[in-house]
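Residue strings, one per chain:
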Amino acid sequence: MIKQRIQDDMKSAMKGGDKPRLGVIRLLMAAIKQREVDERIELDDTQILAVLDKMVKQRRDSITQYEQAGRRELAEQEAFEITILQEYLPEALSEAEITAMIREAIQSTGAESVRDMGKVMGQLKPKMQGRADMGAVSALIKQLLGS
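Quantities reported herein were computed from a predicted structural model and do not represent experimental measurements.

### Let's talk about the nonpolar core
Part 1: Judged by nonpolar contacts, the single largest core of 24 residues is most densely connected at Ile6, Leu28 and Leu52.
Part 2: Taken together, the elements giving at least two residues each to this core come down to helix H1 (2-16), helix H2 (19-39), helix H3 (45-68) and helix H4 (72-86).
Part 3: Looking at this core element by element, the count peaks at seven residues for H3.
Part 4: Contact partners of Ile6, with chain neighbours within four places excluded, come to Ile25, Leu28, Met29, Ile32, Ile48 and Tyr88.
Part 5: If you look at the next biggest cluster of nonpolar residues, it comprises 18 residues, including Ala105, Ala111, Leu144 and Leu145.

### A short note on the packing of helix H5 (residues 95-109) against helix H6 (residues 117-128)
Part 1: Between H5 and H6, whose axes approach to 9 Å, the crossing angle comes to 135 degrees. By the angle between their axes, H5 is oblique relative to H6. Regarding H5 and H6, the two cross each other, and that crossing is right-handed. In contact with Ile98, Met101, Ile102, Glu104, Ala105, Ile106, Ser108 and Thr109 of H5, H6 contributes Lys119, Val120, Gln123, Leu124, Lys127 and Met128.

### Here we look at unusual backbone geometry
Part 1: At Arg40, a residue that is not glycine, the phi angle is positive and equals roughly 55 degrees.
Part 2: Looking at the secondary structure, you find Arg40 in the loop between H2 and H3.
Part 3: Under the relative-accessibility criterion, Arg40 is labelled exposed at 77%.

### Examining the environment of Leu49
Part 1: Its location among the elements puts Leu49 in helix H3.
Part 2: Overall, the relative accessible area of 14% leaves Leu49 in the buried class.
Part 3: Along the chain, Leu49 and Gly146 lie 97 residues apart, while their C-alpha atoms are 30 Å from each other.
Part 4: The residues touching Leu49, leaving out its near neighbours within four places in the chain, are Ile2, Tyr88, Leu89, Pro90 and Gln129.

### Notes on the pattern of salt bridges
Part 1: Counted by the stated rule, this structure contains 12 salt bridges.
Part 2: Residues Lys33 and Glu36 are paired through a salt bridge, measuring 3.8 Å at the closest nitrogen-oxygen approach. Taken together, the positions of Lys33 and Glu36, both in helix H2 and three residues apart, correspond to about one turn of that helix.
Part 3: The class for Lys33 is partly exposed, based on a relative accessible area of 46%.
Part 4: Given a relative accessible area of 6%, Glu36 falls into the buried group.
Part 5: For Glu76, the salt bridge goes to Arg72, with nearest N and O atoms at 3.6 Å. You can see Glu76 and its partner Arg72 sitting in helix H4, four residues apart, about one turn around the helix.
Part 6: Classification of Arg72 by relative accessible area gives partly exposed; the value is 47%.
Part 7: Connected via shared salt-bridge partners are Lys3, Lys33, Glu36 and Glu42.

### A word on the packing of H3 against H4
Part 1: It is the contact of H3 with H4, at a shortest axis distance of 9 Å, that shows an interaxial angle of 160 degrees. The angle between H3 and H4 places the two elements in the roughly antiparallel class. Of the two possible hands of crossing, H3 and H4 adopt the one that is left-handed. Contacts from Leu52, Met55, Val56, Arg59, Arg60, Ser62, Ile63, Tyr66 and Glu67 in H3 reach Arg72, Leu74, Ala75, Glu78, Ala79, Glu81, Ile82, Leu85 and Gln86 in H4.

Parameters and conventions
- Residues numbered from 1 in each chain as written.
- Predicted model: local features only at pLDDT ≥ 70, side-chain atom pairs only at ≥ 80, totals over all residues.
- Heavy atoms only, no water.
- Core = buried A, V, L, I, M, F, W, Y, C linked by side-chain atoms within 4.5 Å.
- Buried < 20%, exposed > 50% of the residue type's maximum accessible area, 1.4 Å probe, protein only.
- Helix = DSSP H or I, 4+ residues; strand = E, 2+ residues; numbered from the N terminus.
- Contact = heavy atoms within 4.5 Å.
- Axes fitted to C-alpha atoms, helices over the stretch in contact; angles between N-to-C directions.
- Parallel < 35°, antiparallel > 145°, perpendicular 65-115°, else oblique.
- Left-handed = near helix turned anticlockwise from the far one by under 90°.
- Salt bridge = Lys/Arg side-chain N within 4 Å of Asp/Glu carboxyl O.

It is worth stressing that arrangement in space is one thing and function is another; only the former is reported here.
As structure tokens, this is what we get:
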């Protein structure tokens, strides 16, 4: 279970005195715990992947904003946090794998235009969660359905 692995890594970081890593892991645990308290549930691995995915996306957005503002040191901190968070995500899909999965989903759902995008995304999201940037996937689906 991902949650147990995160907790074990947090203990290791505490014992090893790795404060930067510990800080990122604590942020992750706080985000997981917040969602569990808000929804009064115990998150499973799929839901934890969704939390991780969201946190990575937020940091990517922050990096863009920091770089535009000339705040290199803050962008580097966000990049460091992404590297720690990605350790808990499954291996990323290659562009070729993503394209193949999209084509397969388009074919199996019978999608013909951008209006059918919801069907395609609904089929792909569970398979790609945490393994691909869903914003980029969405853009690629539009591109493939538009032509």
